[in-house]
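An overview of the molecular structure
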Amino acid sequence: MKKKILILTLLIITVLFLASCGEEEYSETFFAMDTVMTITAYGDGAKEASEEAYKEIVRLEKLLSVTDEESEIYALNHRTTSNVSSETANLITEAVKISGETEGAFDITLYPVSLLWGFTEDENRVPKEDEIKTVLKNTGYKKIVINENNVLIPDKMMLDLGGIAKGYASDRVCEILKENGIKSAVVSLGGNVRTIGKKPNGSLWKIGIASPFGGDSEQSVEVGESAVVTSGGYQRNFTVDGKTYHHIIDPKNGYPAESDIASVTVITKNGAEADALSTAFFVMGAEKTKEYCKNHSGVSAVIIMQDGEIIKC
Ligand code: AMP
Ligand code: MG
């Protein structure tokens, strides 16, 4: 319900003007999937294409939201059905694959744990250790059984695509923009950036990386067509008795991951992959992230360490 109200009351700031190089620029900012999103597209038909892309985000939120009672994820979590669309089944399959590749650091079965910490409802609390131990028994991506469109999860398990859905949405948005003739665009869905082509003047996109410590961003990456996704404990957290607890959970113990990383930005061709990996890398820490990048030629990262050191791999 909260999400519906947010969508209905979404803030659309629309700017339509001619960019210096003569290409039409259309930029739209709105609130969806619990975050602020901006689509900026260039060229003829940029406005119409962006409106189609916006509709796609609304559709995906309805499909994948963990709180929307009409979503397929909600239906799975509440055992209304085990049959989902092939799109949802494919995304769950992709998430499980990345769990395997990250030794379980990425795990979409942690929803009952996130609920204990109150991260979905924004009624944050520090759970008791035995509460965490109890719900942790019902987690573990290896227990998900996918058979084409049928997704079986054990009793009390609940899925949450919050660590991959925005990245996937960024891929879909770019597909829709391209189908509508757009050759140059930059999309930012929360911390999930995805670009099409190059800037209208032919130069690379310069994507700023927010400082996890507040203040101005000093880091940026220059990319052509790419996904650039950042995860960090600074993005969502609460403080009790001077200790700060953030939203990225270590699947091994059910507590906010004790990471040596303040934020990690992943650069790959695919938004869903970049999104899942950025969450996983935060949990894995710097050494394992460097190793992963070394072994995967299409994946690079900018790590901002807790002590401020910058590591590029
Ligand atoms: P992100 O902001 O992309 O790093 O993803 C964080 C979100 O993913 C959280 O708000 C949870 O919904 C979910 N999440 C938390 N911890 C994990 C994890 N270890 N693996 C997968 N998803 C997670
Ligand atoms: Mg993520």
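Provided above is the structure to which this section pertains.
**Brief notes about the pattern of salt bridges**
By the definition in use, this model includes 16 salt bridges. Note that Arg59 and Glu87 form a salt bridge whose closest N and O atoms lie 2.9 Å from each other. Here Arg59, found in helix 2 (residues 46-64), pairs with Glu87, found in helix 4 (residues 86-101); they are 28 residues apart in sequence, far enough to count as distant. Put simply, Glu225 and Lys178 hold a salt bridge, and the shortest N to O gap is 2.5 Å. Of the two residues, Glu225 sits in the loop between strand 9 (219-223) and strand 10 (227-232) while Lys178 sits in helix 7 (residues 165-179), which places them 47 residues apart along the sequence.

**Section: the coordination of the magnesium ion (ligand 2)**
For the magnesium ion (ligand 2), every protein donor is listed as Gly163 (O), Asp275 (O), Asp275 (OD) and Thr279 (OG1), and the spread of their distances is 2.0 to 2.5 Å. Positions of the donor residues of the magnesium ion (ligand 2) along the chain correspond to the pattern G-x111-D-x3-T. You can see Asp275 and its partner Thr279 sitting in helix 8 (residues 271-284), four residues apart, about one turn around the helix. Assigned by exposure class, Asp275 and Thr279 land together as buried.

**Comments concerning the site of ligand 1**
Ligand 1 sits among 15 residues. The nearest are Asp107, Asp160, Ser231, Ile249 and Thr279. Contact distances for ligand 1 include 2.5 Å between an oxygen atom and a side-chain N or O atom of Asp160. Between ligand 1 and Gly163 there is a distance of 3.2 Å, counted from an oxygen atom to a backbone nitrogen or oxygen. Of all the elements, helix 8 adds the most residues to the shell around ligand 1, at three residues.

**A few points about the side chain of Ser278**
Within the secondary structure, Ser278 sits in helix 8. Judged by its relative accessible area of 0%, Ser278 falls in the buried class. Engagement of the side chain of Ser278 in a polar contact is seen with the backbone oxygen of Asp275, the distance being 2.9 Å. Sequence-distant contacts of Ser278, that is, excluding residues within four places in its chain, are made with Val229, Thr230, Ser231, Val264 and Val266.

**Looking at the pairing of strand 2 (residues 24-32)**
For strand 2 and strand 3 (residues 35-42), the ladder comprises eight bridges, and the chain directions are antiparallel. Within the sheet, the bridge partner assigned to Glu25 lies in strand 3 and is Tyr42. Taken together, strand 2 and the strand that follows it, strand 3, pair antiparallel across an intervening segment of two residues, in which Met33 is found at a positive phi of about 50°.

**Structural notes on the packing of helix 2 against helix 4**
Running from amino to carboxyl end, helix 2 crosses helix 4 at an angle of 75°, the nearest separation of the two axes being 11 Å. With respect to their mutual orientation, helix 2 and helix 4 come out roughly perpendicular. Mapping the contact onto sequence places Arg59, Leu60, Leu63 and Leu64 in helix 2 and Glu87, Thr88 and Leu91 in helix 4. For the contact of helix 2 with helix 4, a count of residues per class yields four nonpolar, one polar and two charged.

**Brief notes about the nonpolar core**
The nonpolar side chains of a soluble globular protein tend to be buried, and buried together. Counting residues in each nonpolar core, the largest one holds 74 residues, and the members touching the most others are Ile92, Ile144, Leu159, Leu161, Leu177 and Phe281. Among the elements that make up this core, the one with the highest residue count is helix 8 (nine residues). Excluding anything up to four places from it in sequence, Phe281 contacts Ile261, Val264, Val266, Thr289, Tyr292, Cys293 and Val299. Residues Val193, Ile207, Val221 and Val228 belong to the second largest nonpolar core, which totals twelve residues.

What counts and how
Residues numbered from 1 in each chain as written. Chains lettered and ligands numbered in written order. Predicted model: local features only at pLDDT ≥ 70, side-chain atom pairs only at ≥ 80, totals over all residues. Heavy atoms only, no water. Salt bridge = Lys/Arg side-chain N within 4 Å of Asp/Glu carboxyl O. Helix = DSSP H or I, 4+ residues; strand = E, 2+ residues; numbered from the N terminus. Donors = N, O, S within 2.8 Å, 3.2 Å for Na, K, Ca; no water. Buried < 20%, exposed > 50% of the residue type's maximum accessible area, 1.4 Å probe, protein only. Near = heavy atom within 4 Å. Polar contact = N/O pair within 3.5 Å; in protein donor to acceptor, adjacent residues only side chain to side chain. Contact = heavy atoms within 4.5 Å. Pairing = 2+ DSSP bridges. Axes fitted to C-alpha atoms, helices over the stretch in contact; angles between N-to-C directions. Parallel < 35°, antiparallel > 145°, perpendicular 65-115°, else oblique. Nonpolar A, V, L, I, M, F, W, Y, C, P; charged D, E, K, R; others polar. Core = buried A, V, L, I, M, F, W, Y, C linked by side-chain atoms within 4.5 Å.

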